[in-house]
Amino acid sequence: MERRGGQLVRARLIAICAITITVIGPVSAQERLRISANVGQQASTTTVSQDQSFDRYFEQGSFTFERTVPQSLVYDFGAMVRVWRGLYAGGALSIFDQTGPGTVTARVPHPLQFNKPRTTTGEIADTNRREFGQHITVGWAIPASGGLDFILSGGPSFFMTEQLFVTRLNLSLQDEVYPFDELAFPSTDTETLNETVLGYNAGVDMTWRINKKIGLGLLVRYSSGKKEFIPSGALPVEVTAGGLHAGGGLRVLFNSFGSKRKPLPPPKPPAKPQPAKPAPPKPSPPKPAPK
Amino acid sequence: MPGFHKIIPSAAIAALVFAASSRITGQAPVENGRPIALAAAEDTLPAALDRVDAMLTSGQLNISQLNDDALIPGRAIERLAQYYEGLPVFGGHVVRQMDGRAVVSVTGRLYESPGVDVNPSITPERAIAVAVATAGSGANVRGDATLGILAVANGYRLVYRMKVLSDWTIRDLYVAADSGEVLLSVNGIHTQAAVGQGSGIFGTLRKMSTNQTSSTFQAVDKLRPAEAFTLAFPGTPARLNLFLQNLFLFNSDVATDSDNFWTDGPTVDAHVSQGFVYDYYFKRFGRHGMDDHDIEVDSIVHPLSRSEANRQPDDIVNTYINNAFYCCDGLIVFGDGDGRTWNFLAGGFDVVAHEWTHGITDFTSQLIYRDESGALNEAFSDIMGAAIEFYYQPAGSGRDQADWLIAEDVYLAAPNYLRSLSNPASKGHPDHYSLRRYLGTDTDDGGVHFNMTIGTHAFYLAVAGGQNRVSGISVPGIGVANIERMERVFYRAFTQLMGPNSQFSDARRATLQAASDLYGGGSNERAQVELAWNAVGVN
């Protein structure tokens, strides 16, 4: 199971986009290709929560592994091609890699009494979460005044997602201490799984042109996808990839697709009027006879 | 293999009184000897200490135990045994509560200078022969005969004390060192007397701490600091008498199970419940077992099978079938019950706690198992038996629920309980000191199981509150939710501030002192204790 954060931020951004779209007029963007590189923040947090039960001392125990993936840096690279008027198509790659502590809270049955579970909590230090997102986008450009334009886009996303899970607690009666009412946090076995998660994305990219080739931009993209990961010997865990990304960076704009395409021939200059042929020289008059 | 090192329960008769409380105490009632009073309080403590110091200097008192006080950090409990001309004066005992080098209180009973000739006329061997002859079939003496002073009616006698094992019984005998006469015989089996019949034990699933060997599982608890063995006897008279004659236990006695899923109810209940009692004392009071040094506990089930109930005489049935008892040195025996009045006694959690607590008394106050001190011995066991139920179980009236009744889970005859702390009169037991009976008689060792309810009712009133039926005095009580606070008071008094010859009046003083120690002289706990003893007529 997974919980999402950042809904409020997301709602505000969507509202800002809507207002922006409303106040600006539809003007066609001019370039054919724009390439973007952004550094930003994954503005929402994600919590992976794994629940697992096990048998111990003739009772069922359980543990919950929780890893709250905090807001952290995200890198985003994208390219979009104008295919018709303000319609763009393209793709983007986002990279998110965050390592931090996960928390395991276990309820372990008492060795000598029924219905007297001990609760113990411990941290797993290097709990990594890595997402390599591939976003396919189709967008519509909305130019605004002052060299600004906006592209609203959306499409499917694929997240190559890596996540660490806890597969078991290493419990041993020999390690327990009388009167057994408390339990030191035991060691754990962990497993890192890699899965491809299918999802979607939607966002807005604002570009401010410094000149015809270079611009600065802001990107706000919400992407999300869910999939059940199945650690070895454990119950499936639903993992949500993606999140709200907000960042900014460089825009490189191309009005053509570069050297692979022949430049359009320059327009023919308007035909100049042909100068009139010089009249054949009149026959010179006969020279007079000498007198 | 269970270790088995028997100790001889203290047995002596009170004569002189040293009592510590906030006031100079009156003379506590004693049956024998010449009582003298000594007060040990804020204003009178110096005089008591002078006397104790003088006796220590002259060798009339020797330190027999010194333990850290687990309830109040920094304090220590010092037990001083009385001697006369180098011989122990049985029952003479003082407890000094120390705070660093300062003495907080002095409690106990001592004997005035006995003034007897300390040269025996008969040898120890002769005394043993007398004891063996007196005890009858299968008799033998375990350990040595101890020469000492015994207070008797109108004076003192030089005696040999010894523990005599025989068919069907264990007793402490005091043989006069001049004439060879048996002067006193004290029951060495601290019983929860009961007569009845019952059926099978309950099917409650419980976890057992066992010991795995190469071929089987043993009912041996190695998880707790104190090892505990549960031994399943075959239920035959031959095996029981072999045990009673020499207290030998064999590896083959240890209960076993091939798959670690135990099906013998009494074995399961005895083994598990004794472990829970150990846990209670450890968690509540920081106590390490009966002797506070993690002595091994051995529980015997099926000492005599139920089928023997129809073949054996009543006294045998009432001791080894319809009964549970603490013997000595960490050994507890749980009868099978005849299935009519009693079910398997190991199935009663408060029964197990009761017997276990006898072991603590045996290693602390050593309350002599006769008359008032014996009744206090029994009272403390019932008090802790009830308290342990409240520690583990929700309050209620059904099985596995905490209540103020004793043996309600295994006593089958109407009204389905053995004793009541809240209403002793419902079983014909006294709820007021004026109703005490059998003191000085051989009946129930001087009424130990009868008069005990005077003390247990006082505990009940101090906790739950109520009006005493006889005195009409109402006690608010501290509330059942606060029972732990009163448990500490009584535990402290009975294990640390009382001596072998304590009377009810001593118990009153000791509990008041304990309440002052733990919660202060002006505390509500102390006030409730005082009111409770007033209500049951103990002053």
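Since we're looking at a predicted model, the values are computed, not measured.

What counts, and where the lines are drawn
- Residues numbered from 1 in each chain as written.
- Chains lettered and ligands numbered in written order.
- Predicted model: local features only at pLDDT ≥ 70, side-chain atom pairs only at ≥ 80, totals over all residues.
- Helix = DSSP H or I, 4+ residues; strand = E, 2+ residues; numbered from the N terminus.
- Buried ≥ 20, exposed ≤ 12 C-beta atoms within 10 Å, placed from the backbone.
- Contact = placed C-beta atoms within 7 Å.
- Axes fitted to C-alpha atoms, helices over the stretch in contact; angles between N-to-C directions.
- Parallel < 35°, antiparallel > 145°, perpendicular 65-115°, else oblique.
- Left-handed = near helix turned anticlockwise from the far one by under 90°.
- Pairing = 2+ DSSP bridges.
- Domains from an automatic or database assignment.
- Core = buried A, V, L, I, M, F, W, Y, C linked by C-beta atoms within 7 Å.
- Nonpolar A, V, L, I, M, F, W, Y, C, P; charged D, E, K, R; others polar.
- Expected span 1.5 Å × (residues − 1).
- pLDDT = per-residue confidence, 0-100.

**What to know about the overall build of chain A**
Point 1. Scanning chain A from N- to C-terminus turns up one helix and eleven strands.
Point 2. A total of 291 residues make up chain A; the buried ones form 31% of that total.

**Overview of the overall build of chain B**
Point 1. What chain B contains, in helices and strands, is eleven helices and 21 strands.
Point 2. Relative to its 539 residues, chain B shows a buried fraction of 58%.
Point 3. When contacts within chain B are restricted to residue pairs at least 6 apart in sequence, those whose partners lie at least 24 apart make up 64%.

**A short note on the packing of helix 9 (residues 483-497) of chain B against helix 10 (residues 504-519) of chain B**
Residues and elements named next belong to chain B.
Point 1. Taken N-terminus to C-terminus, the directions of helix 9 and helix 10 make an angle of 120 degrees; their axes are 8 Å apart at the nearest point. Taken as axis vectors, helix 9 and helix 10 run oblique relative to one another. Relative to helix 10, helix 9 is oriented so that their crossing is right-handed. Note on element contacts: helix 10 touches helix 9 through A507, A510, T511, Q513, A514, A515, D517, L518 and Y519, opposite R485, R488, V489, F490, R492, A493 and L497.

**So, the sheet that holds strand 10 (residues 211-212) of chain B**
Residue and element names in this part refer to chain B.
Point 1. Here three strands make up an open sheet; going across it, the order is 10-11-14 and the pairing antiparallel. At either end of the open sheet lies a strand with only one pairing partner, and these are strand 10 and strand 14 (256-257).
Point 2. In the sheet, strand 11 (residues 217-218) pairs with strand 14 via two bridges, with the strands oriented antiparallel. Looking across to strand 14, one finds that Q218 is bridged to T256.

**Digging into the domain arrangement of chain B**
Point 1. For chain B, the domain assignment lists domain 1 (124-188) and domain 2 (192-363).
Point 2. Once you take the C-alpha centre of each, domain 1 of chain B and domain 2 of chain B turn out to be 28 Å apart.

**Regarding the nonpolar core**
Soluble globular proteins: nonpolar side chains tend toward being buried together.
Point 1. Ranked by internal contacts, the top residues of the largest apolar core, which has 147 residues, are A131 and A462 of chain B.
Point 2. Top contributing element to this core by residue count: helix 8 (residues 444-464) of chain B, with ten residues.
Point 3. Looking at which domains feed residues into this core, each of domain 1 (124-188) and domain 2 (192-363) of chain B gives three or more.
Point 4. Not counting the four nearest positions on each side in its chain, A462 of chain B is found in contact with V475, G477, I478, M486, Q528, V529 and A532 of chain B.
Point 5. In terms of nonpolar packing, the next biggest core, distinct from the first, is built from 16 residues, F63, F159, V197 and A241 of chain A among them.

**A look at the interface of chain B and chain A**
Bring the parts together and some accessible area is lost; that lost area is often taken as the interface size.
Point 1. With ten residues of chain B in contact, the opposing surface of chain A contributes eight residues.
Point 2. Class assignment for the residues of the side of chain B that touches chain A results in four nonpolar, two polar and four charged.

**Digging into the packing of helix 8 of chain B against helix 11 (residues 524-535) of chain B**
Residues and elements named next belong to chain B.
Point 1. Their axes nearest at 8 Å, the elements helix 8 and helix 11 cross at an angle of 135 degrees. With respect to each other, helix 8 and helix 11 are oriented oblique. Seen from above, helix 8 lies across helix 11 with right-handed handedness. Counting all contacts with helix 8, which are made through A458, L461 and A462, the residues of helix 11 involved are Q528, V529, A532, W533 and A535.

**Description of unusual backbone geometry**
Point 1. Residue Y178 of chain A is joined to P179 of chain A through a cis peptide bond whose omega torsion reads 10 degrees.
Point 2. Positionally, P179 of chain A belongs in the loop between strand 8 (148-170) and strand 9 (187-209).
Point 3. In this model, A414 of chain B is joined to P415 of chain B through a cis peptide bond whose omega is 5 degrees.
Point 4. Locating P415 of chain B in the fold gives a position in the loop between strand 18 (405-406) and strand 19 (419-420).

**Quick word on helix 5 (residues 314-321) of chain B**
For an α-helix the count is 3.6 residues per turn, leaving residues at separations of three or four pointing the same way.
Point 1. A large share of helix 5 of chain B lies buried, amounting to six of its eight residues.
Point 2. For helix 5 of chain B, the full list of buried residues reads I316, V317, N318, T319, Y320 and I321 of chain B.

**Comments concerning the pairing of strand 6 (residues 155-166) of chain B**
All names here are of chain B.
Point 1. Summarising burial for strand 6: eleven of the twelve residues are buried, a large majority.
Point 2. In this sheet, strand 6 lies alongside strand 5 (residues 140-152) in antiparallel orientation, the contact comprising ten bridges. When the bridges of strand 6 are listed, V152 appears paired with G155.
Point 3. The turn linking strand 5 back onto strand 6 is made up of two residues, and N154 within it adopts a positive phi angle of 65 degrees.

**Examining the pairing of strand 11 (residues 237-254) of chain A**
Point 1. One ladder, built from ten bridges, connects strand 2 (residues 33-42) of chain A with strand 11 of chain A; its direction is antiparallel. Pairing of A37 of chain A across the sheet is with L250 of chain A, part of strand 11 of chain A.

**Regarding the environment of G215 of chain A**
Residues and elements named next belong to chain A.
Point 1. Position of G215 among the secondary structure elements: in strand 10 (residues 214-229).
Point 2. Overall, G215 belongs to the buried group, with 22 C-beta atoms counted inside 10 Å.
Point 3. In this structure, the C-alpha to C-alpha distance between G215 and K116, residues 99 residues apart in sequence, is 64 Å.
Point 4. Excluding its chain neighbours within four sequence positions, the residues that come into contact with G215 are T207, W208, R209, I210, R251 and L253.

**Things to note about the environment of E530 of chain B**
All names here are of chain B.
Point 1. Structurally, the position occupied by E530 is in helix 11.
Point 2. With 17 C-beta atoms packed within 10 Å, E530 lands in the partly exposed category.
Point 3. Spatially, the C-alpha atoms of E530 and A458 are 9.3 Å apart, while their sequence positions differ by 72 residues.

**A look at helix 9 of chain B**
Point 1. Here helix 9 of chain B spans 20 Å end to end across 15 residues, near enough to the 21 Å set by a 1.5 Å rise per residue.
Point 2. Within helix 9 of chain B, 13 of the 15 residues are buried, which leaves the element mostly enclosed by the surrounding structure.

**Observations regarding the confidence of the model for chain B**
Residues and elements named next belong to chain B.
Point 1. In the predicted model, chain B carries a mean pLDDT of 85, and 89% of its residues have values of at least 70.
Point 2. Note on residues 1-39: pLDDT is under 50 here. Beyond four places in sequence and across chains, it has 145 contacts.
Point 3. Considering only residues more than four positions removed or in separate chains, one finds that residues 191-200, a stretch of pLDDT under 50, has 50 contacts.
Point 4. Per the prediction output, this complex has pTM 0.74; the corresponding ipTM is 0.71.

**Focus on the environment of A48 of chain B**
Point 1. Here A48 of chain B is to be found in helix 1 (residues 45-57).
Point 2. Its 23 C-beta neighbours within 10 Å are what place A48 of chain B among the buried residues.

**A short note on the confidence of the model for chain A**
Residues and elements named next belong to chain A.
Point 1. Averaged over all residues, the pLDDT of chain A equals 83, while 77% of them reach at least 70.
Point 2. The model gives residues 1-6 a pLDDT under 50, and that stretch makes 20 contacts with residues more than four places away or in other chains.
Point 3. Every residue in residues 16-28 is under pLDDT 50, and counting partners more than four places away or in other chains gives twelve contacts.

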